Amino acid sequence: MFQNNPLLSQLKQQIRDSKLQVEGIVKGSDKAFGFLECDKKSYFIPPAAMKKVMHGDKIKALIEVIGDKEQAEPDQLLEPMLTRFVGRVHFNKDQKLQILVDHPQINHPIAASPTKLVQEELQEGDWVVAHLKNHPLRDNRFFFAQINEFICKSDDEFAPWWVTLARHQQSRYPVKGLAHYEMLDQQTREDLTALYFVTIDSESTKDMDDALYIEPILTSEVQTGWRLVVAIADPTAYIPQDSQIDKDAKQRCFTNYLPGFNIPMLPRELSDELCSLVKDEIRPALVCYINTDLAGNIVGNPRFVSAYVQSKAKLAYNLVSDYLEQKPDAWQPENTETAQQIHWLFQFTQARIEWRKKHSLLFKEKPDYSFILSEDGKVKDIKAEYRRTANQIVEEAMIVANICAAHYLDEQAQGGIFNTHSGFDKKWLVSASQFLLTHLTNEENLAELSQRYSVDTLSTLTGYRQMRHDLEKINNDYVEFRLRRFLTFAEFKSELAPHFGLGLSGYATWTSPIRKYSDIINHRLIKATLTNQSCEKPQEDILTRLQEARRQNRLVERDIADWLYCRYLAEKVEENVIFNAEVQDITRAGLRVQLLENGASVFVPASTLHNNKDEIQANTDDIALYINGELIYKLGDIIQVKLTDVKEATRSIIGIVS
């Protein structure tokens, strides 16, 4: 008799309207219950209610008072945690197909069925991509997903690569090429094949996109400077604008360099063969002539030309470094011409490094970590690799070439793809200024540095550069790490703007067109100026895509590395290996540290640092941890850590301070 009773419905609505309504994010736990995290408060979600939601869901909830405790009753789905997601196939005891979501805090299986797109016979543990179709709060039904992509089998050793690429919607295959390529450029190219160009890369590199030639500038038989000639591979000679290859490259934006192999932005027959500056092969190139004095200052305007070049020697970073560093039994150049180029390039590099020390900024010396893999994808070793002498040669040559390109594009094309960085984020400028004045001043220099570290000064390239030079003198890792939190991100822009991170007034890369779509754009603009064609400033959508693709590639590289670290370090738990580690972050939950030996990220729970959590204070301003008011750890500290647990399923490594 109560069915469809309008009075009862009205009463229910009144009761509902009388309850507090809140919006928040669901936070799951390792138990059946959860919490609703709102702006200023957290509400308990009981187990029965948690069956309607998932960790990460944004929902609207009604707050009920049970006894003297408040709890949240999920009412409306605002934004689901899952839409498209990656997971593993699971069959329950009734052999019903389910998916186990690949997420550390989503642990309940979701009923599923494959679409016609999935041709493989699914087995337990297989990796798949699915879309959530039903959500209890939205569809009044149980959670249900459709599987529409098979990734790989459960025992595939390359699952870290394939799963991560699928998660970030990136292809594991190179761009599809053509059966035949023809030279498109009609302009006359200078014949520079007589110049003794050399390439310097890793021994295994196939996509060689830069070659160098250098000679001294003589005035009355006295050397007054250097003439550096930078030759860059020219894939635009073969790729029509808006062709399918061009569109695919524009979508990818970058070659994806992953542990063990790369996924090129261009078809391999272009990147590794036809365009690569292979020794003894004549190749089309875009070439820049750069003159400097002996102190490394650029003299006059750079000159760009379209040309044919021929690399005379394929050199390797480590071998050239061994030779220049005079290592015992080091490799020796095969002839005097190669030796002469190496020594001249080295002298030029030293001059440019000194120039950058005074007029721009040098990179902070940090190692790159390289995974050494067996053919089946297993990690044999992880090596820390530092930039050596030969790496610096190529680095300095590319930097000066990119400086020249930035100002050339600005003057001749009135636009391009510029790499920019504006220093401190505007919302953190005051905090950065106060931090510097607190940590780098004293009574003797307060008046001078108050102006030097003022907000107005730090917001200028000159002021930022001066501040960085000040930091080089004190070599304080804590100050360095803390200031990073105040920095903004690098951006691509279509107009010339400073790059504070490099300390330069302009920077535009054109030296890697095989690997970067932005460099392809800059090549086309430079070549247009050489043939007196009109130049069109890059559109905003290209800048946005470049930014997003760069972010995606970094996430892919990080996620694969996290997975491989877990596989590599799992056996180190029982071995009780002690690692030196650098503190990277501090929160109430604990320390995030990086192992210096191999680069792995390890979490140290606060509960292992002190037995009374109420006596632990994590200061988010100082990024430091105190116990009973005493400073124990701060950002940048070097500590010793022993691993206690490695969980490959969640890609997490746990340790304790040793």
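Residues numbered from 1 in each chain as written. Predicted model: local features only at pLDDT ≥ 70, side-chain atom pairs only at ≥ 80, totals over all residues. Heavy atoms only, no water.

**A word on the packing of aromatic side chains**
Okay, so step 1: Summed over all chains, the structure comprises 18 aromatic pairs.
Okay, so step 2: A centroid spacing of 5.6 Å and a plane angle of 40° characterise the contact between Phe33 and Phe44, whose relative ring orientation is tilted. With Phe33 in the loop between strand 1 (20–28) and strand 2 (34–37) and Phe44 in strand 3 (residues 42–45), the pair connects residues that are 11 residues apart, well separated along the chain.
Okay, so step 3: Each member of the aromatic cluster is reached from another via a ring pair, and the members are Phe158, Trp161, Trp162 and Phe261.
Okay, so step 4: The side chain of Arg141 reaches across the aromatic face of Phe142, ending 5.8 Å from its centre.
Okay, so step 5: Note that Arg303 overlies the ring of Tyr289, its terminal NZ or CZ placed 4.3 Å from the centroid. (Phe/Tyr/Trp six-rings, centres within 6.5 Å; stacked < 30°, edge-to-face > 60°. Helix = DSSP H or I, 4+ residues; strand = E, 2+ residues; numbered from the N terminus. Lys NZ or Arg CZ within 6 Å of the ring centre and 35° of its normal.)

**Structural notes on the side chain of Gln552**
Okay, so step 1: Within the secondary structure layout, Gln552 lies in helix 16 (residues 540–569).
Okay, so step 2: Using a relative accessible area of 16% as the deciding quantity, one classes Gln552 as buried.
Okay, so step 3: In this structure the side chain of Gln552 is engaged in a polar contact, spanning 3.4 Å, whose partner is the side chain of Arg545.
Okay, so step 4: Contacts of Gln552, omitting those with residues within four sequence positions, involve His168, Gln170 and Arg545. (Buried < 20%, exposed > 50% of the residue type's maximum accessible area, 1.4 Å probe, protein only. Polar contact = N/O pair within 3.5 Å; in protein donor to acceptor, adjacent residues only side chain to side chain. Contact = heavy atoms within 4.5 Å.)

**Some points on the UniProt feature "domain: S1 motif" (unreviewed entry) in the protein chain**
Okay, so step 1: The positions that UniProt labels "domain: S1 motif" (unreviewed entry) are, in the present scheme, residues 576–658.
Okay, so step 2: Spanning residues 576–658, this segment combines 0% helix with 60% strand, and its end C-alpha atoms are found 10 Å apart. (UniProt positions renumbered as here; feature names shortened; annotations may be inferred.)

**Thoughts on the nonpolar core**
Okay, so step 1: Counting 79 residues, the largest nonpolar core has Leu192, Phe197, Leu228, Val230, Val287, Val309 and Trp510 as the members making the most contacts within it.
Okay, so step 2: The dominant element in this core, judged by the number of residues it contributes, is helix 9 (residues 389–413), at 13 residues.
Okay, so step 3: Once residues lying within four places of it in the same chain are set aside, the contact partners of Val287 are Leu192, Val229, Val230, Ala231, Arg303, Phe304, Val305, Ala307, Val309 and Trp510.
Okay, so step 4: With 70 residues, the next largest nonpolar core counts Ala166, Tyr565, Ala606 and Ile623 among its residues. (Core = buried A, V, L, I, M, F, W, Y, C linked by side-chain atoms within 4.5 Å.)

**Things to note about the sheet that holds strand 7 (residues 97–101)**
Okay, so step 1: The strand order around the closed barrel formed by 5 strands is 6-7-8-10-9, and the pairing between neighbours is mixed. The average undirected angle you get between the axes of adjacent strands in this sheet is 55°.
Okay, so step 2: Across 2 bridges, strand 7 lies against strand 8 (residues 110–114) in antiparallel orientation. Note on strand 8: the bridge partner recorded for Gln98 is Ala111.
Okay, so step 3: Docked against the sheet, helix 4 (residues 159–167) engages strand 6 (84–91), strand 9 (127–134) and strand 10 (144–152), running at close to 135° with respect to strand 10. (Pairing = 2+ DSSP bridges. Axes fitted to C-alpha atoms, helices over the stretch in contact; angles between N-to-C directions.)

**A few points about the pairing of strand 30 (residues 652–657)**
Okay, so step 1: Relative to strand 30, strand 29 (residues 638–647) runs antiparallel, the two sharing 6 bridges. Its bridge partner lying in strand 30, Leu643 is registered against Gly655.
Okay, so step 2: Counted between consecutive antiparallel strands, the loop separating strand 29 from strand 30 contains 4 residues, among which Arg651 sits at a positive phi close to 55°.

**With respect to the packing of helix 9 against helix 15 (residues 517–530)**
Okay, so step 1: The N-to-C vectors of helix 9 and helix 15 enclose an angle of 50°; their axes lie 10 Å apart at closest approach. The angle between helix 9 and helix 15 places the two elements in the oblique class. You can see that helix 9 and helix 15 cross each other, and the crossing is left-handed. Contact with helix 9, carried on its side by Tyr408, Leu409, Gln412 and Ala413, involves Asn522, Leu525, Ile526, Thr529 and Leu530 of helix 15 and no other residues of that element.
Okay, so step 2: Within the contact of helix 9 with helix 15, the residues separate by chemical class into 6 nonpolar, 3 polar and no charged. (Parallel < 35°, antiparallel > 145°, perpendicular 65-115°, else oblique. Left-handed = near helix turned anticlockwise from the far one by under 90°. Nonpolar A, V, L, I, M, F, W, Y, C, P; charged D, E, K, R; others polar.)

**Description of the environment of Lys247**
Okay, so step 1: Following the sequence through the fold, Lys247 ends up in helix 5 (residues 244–252).
Okay, so step 2: On the basis of relative accessibility, which here comes to 47%, the residue Lys247 falls in the partly exposed class.
Okay, so step 3: Separated by 72 residues in sequence, Lys247 and Val175 have C-alpha atoms that sit 9.8 Å apart.

**Description of the sheet that holds strand 26 (residues 616–619)**
Okay, so step 1: In spatial order, the strands read 26-27-28; together these 3 strands make up an open sheet with antiparallel pairing. Each of the sheet's edge strands pairs with one partner strand only, and the pair in question is strand 26 and strand 28 (630–634). Strand-to-strand twist across the sheet, computed as the mean angle between neighbouring axes with direction ignored, equals 25°.
Okay, so step 2: For strand 27 (residues 624–627) and strand 28, the ladder comprises 4 bridges, and the chain directions are antiparallel. Considered in strand 28, the bridge of Ile627 is made with Glu630.

**Quick word on the pattern of salt bridges**
Okay, so step 1: Applying the stated criterion across every chain yields a total of 41 salt bridges.
Okay, so step 2: Between Glu354 and Lys357 there is a salt bridge, with the nearest N and O atoms lying 3.2 Å from each other. On the criterion of helical spacing, the pair formed by Glu354 and Lys357 is a turn pair, its members being 3 residues apart in helix 8 (residues 336–359).
Okay, so step 3: Residue classification places Glu354 among the partly exposed positions, given a relative accessible area of 38%.
Okay, so step 4: What makes Lys357 partly exposed here is its relative accessible area of 41%.
Okay, so step 5: In this structure, the salt-bridge partner of Lys366 is Glu582, at a minimum N-O distance of 3.6 Å. (Salt bridge = Lys/Arg side-chain N within 4 Å of Asp/Glu carboxyl O.)

**Considerations on the pairing of strand 8**
Side-chain positions along a regular strand alternate between the two faces of the sheet.
Okay, so step 1: Here strand 8 runs beside strand 10; their pairing, made up of 4 bridges, is parallel. Across the sheet, residue Ala111 finds its bridge partner in strand 10, namely Phe144.

**Quick look at the environment of Arg567**
Okay, so step 1: Topologically, Arg567 is positioned in helix 16.
Okay, so step 2: A relative accessible area of 27% means that Arg567 is categorised as partly exposed.
Okay, so step 3: Expressed as a C-alpha distance, the spacing of Arg567 and Lys41, which sit 526 residues apart in the sequence, is 39 Å.
Okay, so step 4: Discounting residues that sit within four places of it in the chain, Arg567 has contacts with Asp156, Glu157, Pro160 and Glu648.

**As for helix 15**
Okay, so step 1: For helix 15, which comprises 14 residues, the first-to-last C-alpha distance of 20 Å matches the rise-based estimate of 20 Å (1.5 Å per residue) to within 8%.
Okay, so step 2: When you tally the buried positions in helix 15, you get 13 out of 14 residues, the bulk of the element.
Okay, so step 3: Backbone geometry just downstream of helix 15 places Asn532 in the positive-phi region, at approximately 60°. (Expected span 1.5 Å × (residues − 1).)

**Quick look at unusual backbone geometry**
Okay, so step 1: Of note in the backbone geometry, Glu221 takes a positive phi value of approximately 65° without being a glycine.
Okay, so step 2: Examined against the element boundaries, Glu221 turns out to sit in the loop between strand 13 (210–219) and strand 14 (222–233).
Okay, so step 3: Classification of Glu221 by relative accessible area gives exposed; the value is 77%.

**Regarding the packing of helix 7 (residues 317–324) against helix 8**
Okay, so step 1: Two elements in contact, helix 7 and helix 8, have axes separated by 11 Å at closest approach and are oriented at 80°. One way to sum up the angle between helix 7 and helix 8 is to call them roughly perpendicular. Across the interface between the two elements, Val320, Tyr323 and Leu324 of helix 7 pack against Ala339, Ile342, His343 and Phe346 of helix 8.
Okay, so step 2: Its residues assigned to classes, the contact of helix 7 with helix 8 comprises 6 nonpolar, 1 polar and no charged.

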